[in-house]
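Close look at the chain arrangement
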Amino acid sequence: MSPEHDAGRERGNRHREQQIVAAGGYAYGTQDADVYVHVEQDRSPVYRVRSLPASGPEGSRGAGHGVRTADLARLEEWRGTPARLALLWLHGPEAASRSRLADRFAAGSAVAGWRVVTAVRGSETTGPGAPAVEGPGQVRGLRQDRAEEGDSGLLMVVENADHWPLPHLTWLFSNALLHRAGVPARVLLTAETLDHWVAVRGTVANHRAATSAHRVERCFPSEGP
């Protein structure tokens, strides 16, 4: 198949997936010509990255209700910082409030021209309702060498980041999607507390990433700004 055909297919289909799979003591996935290899003890998925449609998250939780304007403005300010790579730890006591804010921000980012992807940890990539993990050569690729036409940057959402093993987050932060020349990248990580943030922040020191945290208080769906 010609490179021109591949490029056209990529531009026409922005809803794709990337999977990192463990086998034979290593975890790996394929993206076009790229291969990722990570040490893993058993044959299991390490993580899965899925590109969201331009309309934002499917089945968005709350459709923006129960999201405080000040919280959303803080995330938009963070997205607009000049750093090439920036991480934000979004923490708070109530998972639904964190998820509604993350969904609203992701949808707004897609409208603003950002490419939005989600990363799911390995134990959540299998089971009822989850896609089967595909083997080498079967993984549908996300182009990683350049921004797609019209992309303002890349936003990666990682929910429940405090449940991820630290080595898996380290591998995720090395994903080439986050390190494309000239493409701003933002990683929004949600968690209940700040307990794991110091350790997670240390894993991106070599990437010279900007790091920050924001606390979101409980906000019920019926509440306004």
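Residues numbered from 1 in each chain as written. Predicted model: local features only at pLDDT ≥ 70, side-chain atom pairs only at ≥ 80, totals over all residues. Heavy atoms only, no water.

**Overview of the nonpolar core**
Within the largest apolar cluster, 27 residues are counted, with the highest numbers of intra-cluster contacts made by Leu87, Met156, Val158, Leu172, Val187 and Leu189. Not counting residues within four places of it along the chain, the set of residues in contact with Leu87 comprises Trp78, Phe173, Val187, Leu189, Trp197, Val204, Ala209, Ala210, Thr211 and Ser212. (Core = buried A, V, L, I, M, F, W, Y, C linked by side-chain atoms within 4.5 Å. Buried < 20%, exposed > 50% of the residue type's maximum accessible area, 1.4 Å probe, protein only. Contact = heavy atoms within 4.5 Å.)

**Some details on the confidence of the model for the chain**
With 59% of its residues at a pLDDT of at least 70, the chain reaches an overall mean of 74. For residues 23-28, every residue scores under 50 in pLDDT, and the model assigns this stretch 25 contacts once sequence neighbours within four places are set aside. Note on residues 58-63: pLDDT under 50 across the span, and nine contacts to partners over four residues away in sequence or across chains. (pLDDT = per-residue confidence, 0-100.)

**Some details on the pairing of strand E8 (residues 185-191)**
Across the seven residues that make up E8, a large majority, seven, are buried. A two-sided burial pattern is seen for E8, the buried positions comprising Ala185, Val187, Leu189 and Ala191 on one face and Arg186, Leu188 and Thr190 on the other. Here strand E5 (residues 85-91) runs beside E8; their pairing, made up of seven bridges, is parallel. Residue Leu90 lies in a different strand from E8, and its bridge partner there is Thr190. In this sheet, E8 lies alongside strand E7 (residues 153-158) in parallel orientation, the contact comprising five bridges. When the sheet's bridge partners are listed, Val157 is paired in E8 with Leu188. (Helix = DSSP H or I, 4+ residues; strand = E, 2+ residues; numbered from the N terminus. Pairing = 2+ DSSP bridges.)

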